[in-house]
Amino acid sequence: MPDDQTFMRAALALAREAAAFDEVPVGAVVVLEGNIVGRGFNQPISRHDPTAHAEVMALRAAAAQLGNYRLPGATLYVTLEPCAMCAGAIMHARIDRVVFGARDPKTGAAGSVVDLFDEPRLNHHAVVEGGVLADECGVLLSGFFAARRARTAVA
């Protein structure tokens, strides 16, 4: 059976796809019973949709494939720590486990800024594991933003 790194590599491939569209390179996959049932990458710019984060796109794809907006038993793999919006969507989808790569010190909602997954007043709690292929995920993000800054400096 594939392991966490294998699924994170699938999410990284999707993150590279986002970068090819000049979107922030974040990718996500939803896995159920060892199979990828939903894929997504960041698309808020191209879709003119502030909710089109990788996690939301992967959740939408999984829900459509399975015919249910609830995804109990599923694991979501994402290259960057989820933000508050995505954490809320993950909880509403009843995802059992979240595995992320790089931490997000500016908007991370799985422990970096806040930890919504550990908030006792909320009714669903996913198990969260961070740091899977963190270096690869971080390098992709930092390279993207360095290139963007360089283009801005030239312009």
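Residues numbered from 1 in each chain as written. Predicted model: local features only at pLDDT ≥ 70, side-chain atom pairs only at ≥ 80, totals over all residues. Heavy atoms only, no water.

Peer 1: When you look at the pattern of salt bridges in this model, what are you seeing that I'm missing?
Peer 2: Between side chains of opposite charge, a pair can form when the charged atoms approach closely. Under the defined criterion, the tally for this structure stands at seven salt bridges. In this structure, Asp4 and Arg97 form a salt bridge, with 2.7 Å as the shortest nitrogen-oxygen distance. Here the residue Asp4 occupies a position in helix H1 (residues 4-20), and Arg97 occupies one in strand E4 (residues 97-102), the gap between them amounting to 93 residues. Between Asp49 and Arg60 there is a salt bridge, with its nearest N and O atoms 3.8 Å apart. You can see Asp49 sitting in the loop between helix H2 (44-47) and helix H3 (54-66) and its partner Arg60 sitting in helix H3, a full 11 residues away along the chain. When its relative accessible area of 39% is taken as the criterion, Arg60 is described as partly exposed. (Salt bridge = Lys/Arg side-chain N within 4 Å of Asp/Glu carboxyl O. Helix = DSSP H or I, 4+ residues; strand = E, 2+ residues; numbered from the N terminus. Buried < 20%, exposed > 50% of the residue type's maximum accessible area, 1.4 Å probe, protein only.)

Peer 1: Explanation requested: the sheet that holds strand E5 (residues 127-130) in the structure shown.
Peer 2: The sheet built from five strands is open, its strands ordered E2-E1-E3-E4-E5 with mixed pairing. The open sheet has two edge strands with one neighbour each: strand E2 (35-41) and E5. The mean angle between the axes of side-by-side strands here comes to 15°, regardless of whether they run parallel or antiparallel. Bridge count between strand E3 (residues 75-80) and E4: five bridges; the pairing is parallel. Following the sheet pairing, Tyr77 is matched in E4 by Val99. Across the sheet, H3 is in contact with strand E1 (27-32), E2 and E3; its angle to E2 comes to roughly 140°. (Pairing = 2+ DSSP bridges. Axes fitted to C-alpha atoms, helices over the stretch in contact; angles between N-to-C directions. Contact = heavy atoms within 4.5 Å.)

Peer 1: What am I meant to see in the packing of aromatic side chains here?
Peer 2: One pass over the structure, following the stated rule, counts three aromatic pairs. When the ring of Phe7 is compared with that of Tyr77, the centres are 5.3 Å apart and the planes differ by 35°; the resulting orientation is tilted. Of this pair, Phe7 sits in helix H1 while Tyr77 sits in strand E3, and the two are 70 residues apart along the sequence. Phe7 sits in the buried class, given a relative accessible area of 6%. Residue classification places Tyr77 among the buried positions, given a relative accessible area of 4%. Taking the centre distance of 5.2 Å and the plane angle of 80° together, the rings of Phe144 and Phe145 count as edge-to-face. For Phe145, a relative accessible area of 30% translates into the label partly exposed. (Phe/Tyr/Trp six-rings, centres within 6.5 Å; stacked < 30°, edge-to-face > 60°.)

Everything listed is a geometric property; what it means functionally is a separate question.
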